[in-house]
Amino acid sequence: MKNIIINNSLKARIKINLLVLSSCFFLLISCGEKKTEEAHEEEKSETEVALTEAQFKTIGIETGSIEMKNLNTVIKANGYTAVPPQNMANISTLIGGVVKDIYVLEGTYVSKGKTLATIQNLEVTEMQEDYNSAIANIEYLQLEYNRQKTLSDENVNPRKTFQEVKSKLAVERARAQAAKNKLQALHVSLTGNTSLIPIVSPISGYVGKISITKGAYAETGVTLFEVVDNSQMHLDLNVFEKDLGKISVGQEVDFVLTNQSNKSIKGKIFGINKSFSNESKTVAVHAKINPGDAKDLISGMYVAANINITNQTVQALPKDAIVRNGDKYYIYIQEEQHEEATKTKEAEHKQEDGEEHNEIHFKAIEVVPGTSDLGYTEVKLVEEIPSDAKIVIKGAFYLLATSKGGGEHEH
């Protein structure tokens, strides 16, 4: 009897132990499934985002599709606007004198040949007298030359007399030409009697600095006026040695004035220096600016330029469509497969509170960005997406911030 009681007690303990072990086993499985589900949900939360219709409209999310764009590979360079030497004039006088009148102001436009000021010098009167005297002597000697030549040909007068007249005529002609050259260089009339020398602009352009005042003495070799023609403005860009082999004449250049409105202006390379500019191992590259954009520019403006090296057709999206999370880049597409599930949930919520809870789902797709140009960036997809996928082109950064609580925007 005692043995029977012991056996029954042992069986009871075994049953209890089996129940405990079974409960522990199911608990472990349940915990494992819960952890797996949590991990799956966590992974899913990083790549998927759901917004209500109200959020969708408030954020202003816009969708589009991948486009084929002609994007340029560029080399960045900095430099300055410059005027070629033939379009800049530092005006001085060939002969000193007292400033009589000044006819222009700084910043005014003048045409080629315009008189900027007048200088008074009495030596000019002597030059005019020398010229007029030489012309009068030439007229007399020319008649005498003709007469003596006739007599010499007929052997009436000695040939020596004819040679003397010929020599005097040549001297007077040389004196007249010298006086004429001086007067023309000074822009003074050959006839008349004046002591005023006009200071004339050799080019058309805008008057820069004026370095004289009325009544002051203007010396030779000293700049009196500066005139600049900005219509032929060009760029002097500094290109590093490592990029020099990619640069060639004829390439397009896009640049902005960093201290102005950042307006984009175009140009074209027309010359490349064959020596280094300075110790920084840069070479000066010259680009002509389109005339229509050059009129409002001033020499010496600082510019940041992109030199377009190659042009190719690639898959591209607006820059705002690409976001960066850590070391990877993503785009977001709208997920159509959630529509049915969303409609079911809508019906349930509507029955509960009488309001609609419409959700729109988005999924992050990893991409590799490439060349950026004209507001677009080349994209290479890491995984395939449907050809008709709706890609978020505005508001992608907000979606990343919603899924991660922050992020970095691709620039």
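As a reminder, the structure under discussion sits directly above these lines.
Notes on the structure follow.

Reading the values: rules and limits
Residues numbered from 1 in each chain as written. Predicted model: local features only at pLDDT ≥ 70, side-chain atom pairs only at ≥ 80, totals over all residues. Heavy atoms only, no water. Helix = DSSP H or I, 4+ residues; strand = E, 2+ residues; numbered from the N terminus. Buried < 20%, exposed > 50% of the residue type's maximum accessible area, 1.4 Å probe, protein only. Contact = heavy atoms within 4.5 Å. Areas by Shrake-Rupley, 256 points an atom, 1.4 Å probe, with all protein chains shown as cover. Axes fitted to C-alpha atoms, helices over the stretch in contact; angles between N-to-C directions. Parallel < 35°, antiparallel > 145°, perpendicular 65-115°, else oblique. Left-handed = near helix turned anticlockwise from the far one by under 90°. Nonpolar A, V, L, I, M, F, W, Y, C, P; charged D, E, K, R; others polar. Polar contact = N/O pair within 3.5 Å; in protein donor to acceptor, adjacent residues only side chain to side chain. Phe/Tyr/Trp six-rings, centres within 6.5 Å; stacked < 30°, edge-to-face > 60°. Lys NZ or Arg CZ within 6 Å of the ring centre and 35° of its normal. Expected span 1.5 Å × (residues − 1). Pairing = 2+ DSSP bridges. Salt bridge = Lys/Arg side-chain N within 4 Å of Asp/Glu carboxyl O.

As for the overall build of the protein chain
Along the backbone of the protein chain there are seven helices and 22 strands. Considering the protein chain as a whole, with its 411 residues, one finds that 34% of them fall into the buried category. Long-range pairs, those at least 24 residues apart, make up 75% of the contacts in the protein chain with a sequence separation of at least 6. Accessible surface, the protein chain: about 25,400 Å² in total, of which carbon and sulfur atoms supply 52%.

Topic: the packing of helix 3 (residues 123-153) against helix 4 (residues 159-185)
The description of two packed helices rests on the angle between their axes and on the distance between the axes. Following both chains from N to C, one finds helix 3 and helix 4 inclined at 155°, their axes separated by 8 Å at the closest point. Considering the angle they form, helix 3 stands roughly antiparallel to helix 4. The two elements helix 3 and helix 4 cross, and the hand of that crossing is left-handed. Considered class by class, the residues forming the contact of helix 3 with helix 4 number 14 nonpolar, seven polar and eleven charged.

Focus: the environment of Thr108
Within the secondary structure layout, Thr108 lies in the loop between strand 5 (97-102) and strand 6 (109-110). The partly exposed category is assigned to Thr108, whose relative accessible area is 30%. C-alpha separation for the pair Thr108 and Gly205, spaced 97 residues apart in sequence, amounts to 8.4 Å. Excluding residues that lie within four positions of it along the chain, Thr108 makes contacts with Gly205, Tyr206 and Val207. Separated by 2.7 Å, the side chain of Thr108 and the backbone oxygen of Leu105 make a polar contact.

Describing the packing of aromatic side chains
Following the criterion strictly, the structure yields four aromatic pairs and no others. With centroids separated by 5.5 Å and ring planes inclined at 70°, the aromatic side chains of Tyr80 and Tyr302 adopt a geometry described as edge-to-face. With Tyr80 in strand 3 (residues 67-82) and Tyr302 in strand 16 (residues 302-318), this pair connects stretches of sequence that are 222 residues apart. Of the residues examined, Tyr302 reaches a relative accessible area of 30% and is grouped as partly exposed. Where Tyr145 meets Phe162, the ring centres are 5.2 Å apart and the plane angle is 35°; that geometry is what we call tilted. Separated by 17 residues along the polypeptide, Tyr145 in helix 3 and Phe162 in helix 4 bring together distant segments of the chain. An identical accessibility class is assigned to Tyr145 and Phe162; each is buried. In this structure, Lys281 packs its charged tip against the face of Phe276, placed 4.5 Å from the ring centre.

Comments concerning helix 3
Note that an α-helix has 3.6 residues per turn; residues three or four places apart therefore point the same way. With 31 residues, helix 3 should reach 45 Å at 1.5 Å per residue; the first-to-last C-alpha distance of 44 Å fits that figure. At the exit of helix 3 stands Asn155, carrying a positive phi of roughly 60°.

Points about the pairing of strand 18 (residues 328-334)
Of all seven residues in strand 18, five are buried; the element is thus mostly enclosed. When strand 17 (residues 323-325) meets strand 18, the two strands line up antiparallel, connected through three bridges. Across the sheet, residue Asn325 finds its bridge partner in strand 18, namely Lys328. Hairpin connection between strand 17 and strand 18: a loop of two residues separates the two successive antiparallel strands, and Gly326 in this loop has a positive phi of roughly 70°. With six bridges connecting them, strand 18 and strand 19 (residues 359-373) associate as antiparallel partners. Counted as the bridge partner of Ile331 is Ile365 from strand 19.

A closer look at unusual backbone geometry
Backbone geometry places His187, a non-glycine residue, at a positive phi of 60°. Tracing the backbone through its elements, the reader meets His187 in the loop between helix 4 and strand 8 (196-200). Looking at His187, the relative accessible area reads 47%, which means it is partly exposed.

A look at the sheet that holds strand 8
Overall, antiparallel pairing links the four strands, which are arranged 8-7-5-10 in an open sheet. Of all the strands in the sheet, just strand 8 and strand 10 (217-218) have a single pairing partner and so form its edges.

What about the pairing of strand 8?
For strand 8, the buried fraction is high: four of the five residues fall into the buried class. In this sheet, strand 8 lies alongside strand 7 (residues 115-120) in antiparallel orientation, the contact comprising five bridges. By the bridge assignment for strand 8, Ile119 is matched with Ile197.

Structural notes on the pattern of salt bridges
One pass over the full model with this rule turns up seven salt bridges. Notably, a salt bridge pairs Arg147 with Glu144, separated by 2.8 Å at the nearest N-O pair. Of this pair, Arg147 and Glu144 both sit in helix 3, three residues apart, which is roughly one turn of that helix. Residue classification places Arg147 among the partly exposed residues on the basis of a relative accessible area of 45%.

Points about the sheet that holds strand 6
The antiparallel open sheet is built from four strands, whose spatial order is 4-11-9-6. The open sheet has two edge strands, strand 4 (88-91) and strand 6, and neither has a second partner. Of the strand pairs in this sheet, strand 6 and strand 9 (residues 205-210) are connected by two bridges, and their pairing is antiparallel. Bridging from a neighbouring strand, Val110 pairs with Gly205 of strand 9.

Some points on helix 4
Taking 1.5 Å per residue as the helical rise, helix 4 with its 27 residues ought to reach 39 Å, and the 39 Å between its terminal C-alpha atoms agrees with that figure. Those residues of helix 4 that sit buried are Phe162, Val165, Leu169, Glu172, Ala176, Ala179 and Leu183. For helix 4, the elements touching its buried residues are helix 3. Just past helix 4, the residue His187 takes up positive phi, approximately 60°.

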